[in-house]
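Chain by chain, the residues run as shown.
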Amino acid sequence: MTERVLTGITTTGTPHLGNYVGAIRPSIEASRAEGVESFFFLADFHALIKCDDPARIERSRLEIAATWLAAGLDPERVTFYRQSDIPEITELTWLLTCVTAKGQMNRAHAYKAATDANVAAGEDPDAGVTMGLYCYPILMAADILMFKAHRVPVGRDQVQHIEMARDVAQRFNHLYGQGRELLVLPQAQIDEELATLPGLDGRKMSKSYDNTIPLFEGGAKGLKEAVARIVTDSRLPSEPKDPDASHLVTIWDAFATPQQRQQFRADLRAGLAWGEAKQRLVDLIESHIGPMRPRYEELMAHPERIEEILQEGARKARAVARPLLAELRDAVGLRPLKPLAQPKTAASGRAAGPAQAALPVFKQYREADGRFYFKLTAHDGTVLLQSTGFAEGREAGAWVKRLKAEGSAALAGAPVERGAEVSPEQVAAALDALAAAQE
């Protein structure tokens, strides 16, 4: 089965070497894997939460799109688009907002950090807090759920938002699904092996610390000047250096082969001068980044080419988004006006009353033990089936899908137990009714 992976790209700031090693390079490599359908988007609506400088927003979108394309992102293989070009995302955001509990938003990390800082400063808790910041997790949920992403690569600080997206999707499915899984529950993907580069001063490379090494900005000269400012100890040429105590070596390791890593360490222990070590680092990074630079400069000089790529990406993305949104609009009752269906009466040979209301419903959820479960409940709330726990939400979802499609025929071998005082005949009848409704 093809697996969908969705990656959001923040559009504030100019990309630096830490962005390349920690996100750009591994994400592009992962997009080339077989059996993966990748969606990459420029999160420019999210950028408006953090930045109110239009010129910076515009420039950053251009630089970041050019960077990813120059680094090897293939728009023929992936769907690469701007968030702001997909109106279905903002409409889905509202549908999700209407089923999201305020208390859940109150617990979001970014909002809590802002209110805690205000309280510590003696301010009103909500001073300076915009609704953009407050509702940020719902927009992020819409980004993910719109394209039925199975996996979302994120840092640990974003895991809470993936869990919120799952919770909101579960609630929407419960309220409007009528036994169908309208929205796919995503999984957070945390890659512990991803490198975090130190900056010039040894702290994490970040624009906020003003310690970055530019990726393309300033060309080869800018790269050399930045590397020259890397802080090292005061040991003289010919004096042995400790490779394990130098963040310059950490940056070297992000680009070097195992053999190059071993040799570099040996040379430092033998007294390699820091100036020579820095020049070697420049040459190594340039061997990776240099071949990409002409493509980056070409794209920056011709933004209309980037625009064409993004518009084609938006077309591909909307081809996925429009059918889902139409289904969701129908599910919540936003349908074209037509004569209301009349209930069938005894005179027509059928009993009155909507049969759909009597259908049982599957509910998927995650317990405090971290495992995923599902249960089948009758319209009166009686639990007909209860599953065992699964390590992955997809496993639970696959069983739900099978039981819906095959009915009672899928019970053999299913990891479920009947509810208390529920007969096998009741369960079989409920499952068969669901299967018939799918036809």
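Residues numbered from 1 in each chain as written. Predicted model: local features only at pLDDT ≥ 70, side-chain atom pairs only at ≥ 80, totals over all residues. Heavy atoms only, no water.

### What about the overall build of the protein?
Along the protein, the regular secondary structure elements total 16 helices and 9 strands. Principal axes of the C-alpha set define a box for the protein whose edges measure 100 × 55 × 45 Å. Per-residue burial for the protein yields a buried fraction of 45% across its 439 residues. Taking all contacts inside the protein whose residues are at least 6 apart in sequence as the whole, residues at least 24 apart take part in 71%. If you sum the accessible surface of the protein, you get close to 22,600 Å²; carbon and sulfur atoms cover 52% of it. Averaging the coordinates of the 52 positive side-chain charges in the protein and doing the same for the 58 negative ones gives two points 2 Å apart. (Helix = DSSP H or I, 4+ residues; strand = E, 2+ residues; numbered from the N terminus. Buried < 20%, exposed > 50% of the residue type's maximum accessible area, 1.4 Å probe, protein only. Contact = heavy atoms within 4.5 Å. Areas by Shrake-Rupley, 256 points an atom, 1.4 Å probe, with all protein chains shown as cover. Lys, Arg positive; Asp, Glu negative; His and termini not counted. Charge placed at Lys NZ, Arg CZ, Asp CG, Glu CD.)

### Thoughts on the pairing of strand S3 (residues 79-82)
The two faces of S3 match: Thr-79 and Tyr-81 on one face and Phe-80 and Arg-82 on the other face are all buried. Strand direction decides the pairing type here: strand S2 (residues 36-43) and S3, joined by 4 bridges, are parallel. Bridging from a neighbouring strand, Leu-42 pairs with Arg-82 of S3. (Pairing = 2+ DSSP bridges.)

### Some remarks on the packing of helix H4 (residues 87-97) against helix H7 (residues 131-145)
Taken N-terminus to C-terminus, the directions of H4 and H7 make an angle of 120°; their axes are 8 Å apart at the nearest point. In terms of orientation, H4 and H7 fall into the oblique class. The chirality of how H4 crosses H7 is right-handed. Packed against H4, whose contacting residues are Ile-89, Leu-92, Thr-93, Leu-96 and Thr-97, the element H7 presents Ile-138, Leu-139, Ala-141, Ala-142, Asp-143 and Leu-145 at the interface. Partitioned by chemical class, the residues of the contact of H4 with H7 number 8 nonpolar, 2 polar and 1 charged. (Axes fitted to C-alpha atoms, helices over the stretch in contact; angles between N-to-C directions. Parallel < 35°, antiparallel > 145°, perpendicular 65-115°, else oblique. Left-handed = near helix turned anticlockwise from the far one by under 90°. Nonpolar A, V, L, I, M, F, W, Y, C, P; charged D, E, K, R; others polar.)

### Points about the pairing of strand S1 (residues 3-10)
Counting buried residues along S1, 6 of its 8 residues qualify, which places the element largely inside the surrounding structure. As paired strands, S1 and S2 are joined by 8 bridges and run parallel to one another. Bridging from a neighbouring strand, Val-5 pairs with Ser-38 of S2.

### Things to note about the pattern of salt bridges
Per the stated rule, a full pass over the model turns up 23 salt bridges. Close ionic contact of Arg-82 with Asp-85 constitutes a salt bridge, the shortest N to O distance being 2.8 Å. Using a relative accessible area of 7% as the deciding quantity, one classes Arg-82 as buried. Salt-bridge contacts for Arg-203 lead to Asp-201; the nearest nitrogen and oxygen are separated by 2.9 Å. Judged by relative accessible area, Arg-203 falls into the partly exposed class, the value being 43%. Judged by relative accessible area, Asp-201 falls into the partly exposed class, the value being 33%. (Salt bridge = Lys/Arg side-chain N within 4 Å of Asp/Glu carboxyl O.)

### Let's talk about the packing of aromatic side chains
Summed over the entire model, instances satisfying the criterion amount to 12 aromatic pairs. Taken together, a centroid distance of 4.6 Å and an interplanar angle of 25° make the contact between Phe-216 and Tyr-296 stacked. Linking Phe-216 in the loop between strand S5 (187-189) and helix H9 (219-228) with Tyr-296 in helix H13 (residues 293-301), this pair joins segments that are 80 residues apart in sequence. Pair check on accessibility: Phe-216 and Tyr-296 agree, each one buried. Measuring from centroid to centroid gives 5.9 Å for Tyr-365 and Tyr-373, while their planes differ by 15°, and the two rings are stacked. Take Tyr-373: its relative accessible area is 15%, and that puts it in the buried class. Put simply, the rings of Phe-39, Phe-41, Tyr-81 and Phe-147 touch in pairs and so form one group of aromatic residues. (Phe/Tyr/Trp six-rings, centres within 6.5 Å; stacked < 30°, edge-to-face > 60°.)

### Concerning the side chain of Asn-173
Summarising the element assignment, Asn-173 is placed in helix H8 (residues 159-176). Assessed through its relative accessible area of 11%, Asn-173 is described here as buried. Not counting residues within four places of it along the chain, the set of residues in contact with Asn-173 comprises Gln-178, Arg-180, Glu-181, Leu-182, Leu-183 and Leu-185.

### Side note on the nonpolar core
Formed by 53 residues in total, the largest nonpolar core has its most connected members in Leu-17, Tyr-20, Phe-80 and Ile-213. Excluding anything up to four places from it in sequence, Phe-80 contacts Ile-9, Phe-40, Leu-42, Ala-65, Leu-69, Leu-73, Ile-309, Leu-310, Gly-313 and Ala-314. The next biggest cluster of nonpolar side chains, apart from the first, holds 44 residues, and it includes Phe-39, Ile-86, Tyr-136 and Val-168. (Core = buried A, V, L, I, M, F, W, Y, C linked by side-chain atoms within 4.5 Å.)

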